[in-house]
Amino acid sequence: MKIYIEVLKKYAVFSGRARRQEFWIFFLVNTIILIPLMILDFTLGTYPLFFGLYSLATLLPNLGLTVRRLHDTGKSGWFILLTFIPFVGFIIGLVFMATEGQPQANEYGPSPKAVQAY
């Protein structure tokens, strides 16, 4: 939960690097929150009210984290646009997010593993 809160605190930070652990924990917690909100929306007949509001509230933190995760692998944040390619884009994004980051410092900053460990 600490990692989730840290990502929310850096909601508009698009510079630097983010570890795989940070990305996947945020993804997991987001999913755990979104599924009950979707069920609640369908139960109340208000879909997509709560689901949409939460998704909108976490859009910038999610984008910032994804860009920082791409930076950790040595790629530009603009590679996020590849995920808009139908069918293949999701797989490309998944591979980029699962790829291990560069252990040494790169043009986006020092390795987050060396800087801090969770």
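Residues numbered from 1 in each chain as written. Predicted model: local features only at pLDDT ≥ 70, side-chain atom pairs only at ≥ 80, totals over all residues. Heavy atoms only, no water.

### Remarks on the UniProt feature "transmembrane region" (unreviewed entry) in the chain
Thought 1: Here the UniProt-annotated "transmembrane region" (unreviewed entry) positions come out as residues 21–40, 46–65 and 77–98.
Thought 2: Here residues 21–40 runs as 100% helix and 0% strand, with 29 Å between its end C-alpha atoms.
Thought 3: End C-alpha atoms of residues 46–65 are separated by 29 Å, and the span's content is 80% helix alongside 0% strand. (UniProt positions renumbered as here; feature names shortened; annotations may be inferred. Helix = DSSP H or I, 4+ residues; strand = E, 2+ residues; numbered from the N terminus.)

### Examining the packing of helix α2 (residues 20–44) against helix α5 (residues 88–98)
Thought 1: Following both chains from N to C, one finds α2 and α5 inclined at 130°, their axes separated by 9 Å at the closest point. Comparing their axes, α5 and α2 come out oblique. In this structure, α2 contributes R20, F23 and W24 to the contact, and α5 contributes L94, M97 and A98.
Thought 2: Class assignment of the residues belonging to the contact of α2 with α5 gives a composition of five nonpolar, no polar and one charged. (Axes fitted to C-alpha atoms, helices over the stretch in contact; angles between N-to-C directions. Parallel < 35°, antiparallel > 145°, perpendicular 65-115°, else oblique. Contact = heavy atoms within 4.5 Å. Nonpolar A, V, L, I, M, F, W, Y, C, P; charged D, E, K, R; others polar.)

### Examining the side chain of N106
Thought 1: Summarising the element assignment, N106 is placed in the loop between α5 and α6 (112–115).
Thought 2: Engagement of the side chain of N106 in a polar contact is seen with the backbone oxygen of H71, the distance being 3.0 Å.
Thought 3: When neighbours within four sequence positions are excluded, N106 is seen to be in contact with R17, H71, D72 and G74. (Polar contact = N/O pair within 3.5 Å; in protein donor to acceptor, adjacent residues only side chain to side chain.)

### Examining the packing of α2 against helix α4 (residues 59–72)
Thought 1: For the pair α2 and α4, interaxial distance at closest approach is 10 Å and the crossing angle is 155°. Classified by the angle between their axes, α2 and α4 sit roughly antiparallel to one another. The crossing of α2 and α4 is left-handed. In this structure, α2 uses R20, E22, F23, F26 and N30 to contact α4, whose residues at the interface are P61, N62, L65, T66, R68 and R69.
Thought 2: Each residue belonging to the contact of α2 with α4 can be placed in one class, and the counts come to four nonpolar, three polar and four charged. (Left-handed = near helix turned anticlockwise from the far one by under 90°.)

### Quick notes on the side chain of T58
Thought 1: Relative to the helices and strands, T58 is located in the loop between α3 (49–57) and α4.
Thought 2: Look past the residues within four positions of T58 in its chain and what remains in contact with it is Y4, L8 and N30.

### Some remarks on helix α1 (residues 2–9)
Thought 1: Listed as buried for α1 are I3, Y4 and V7. Across the axial projection of α1, the buried residues extend over an arc of 105°, all falling on one side. More than 90 degrees from the buried face of α1, the exposed residues found are K2 and K9.
Thought 2: For α1, the secondary structure elements touched by its buried residues are α2, α3 and α4. (Buried < 20%, exposed > 50% of the residue type's maximum accessible area, 1.4 Å probe, protein only. Arc of directions from axis to C-beta.)

### A word on a nonpolar patch on the surface
Thought 1: On the surface, Y11, F14, L56, L59, L60 and L63 cluster together into a nonpolar patch covering about 560 Å² of accessible area.
Thought 2: Take the nonpolar patch: its biggest share by element is three residues, from α4.
Thought 3: Along the chain, the position of Y11 falls in the loop between α1 and α2.
Thought 4: You can call Y11 partly exposed: its relative accessible area is 47%. (Patch = residues over 30% accessible without salt bridge, like charges linked within 9 Å, V, L, I, M, F, W, Y side chains within 5 Å. Areas by Shrake-Rupley, 256 points an atom, 1.4 Å probe, with all protein chains shown as cover. Salt bridge = Lys/Arg side-chain N within 4 Å of Asp/Glu carboxyl O.)

### Comments concerning the packing of aromatic side chains
Thought 1: Applying the stated criterion across every chain yields a total of seven aromatic pairs.
Thought 2: Ring centres of W24 and F27 lie 5.4 Å apart, and the angle between their planes is 80°; this geometry places the pair in the edge-to-face category. Of this pair, W24 and F27 are both found in helix α2, three residues apart, which corresponds to roughly one turn of the helix.
Thought 3: For W24, a relative accessible area of 30% gives the class partly exposed.
Thought 4: Each ring, one from F79 and one from F96, has its centre 5.7 Å from the other, and the planes form 75°; the classification is edge-to-face. (Phe/Tyr/Trp six-rings, centres within 6.5 Å; stacked < 30°, edge-to-face > 60°.)

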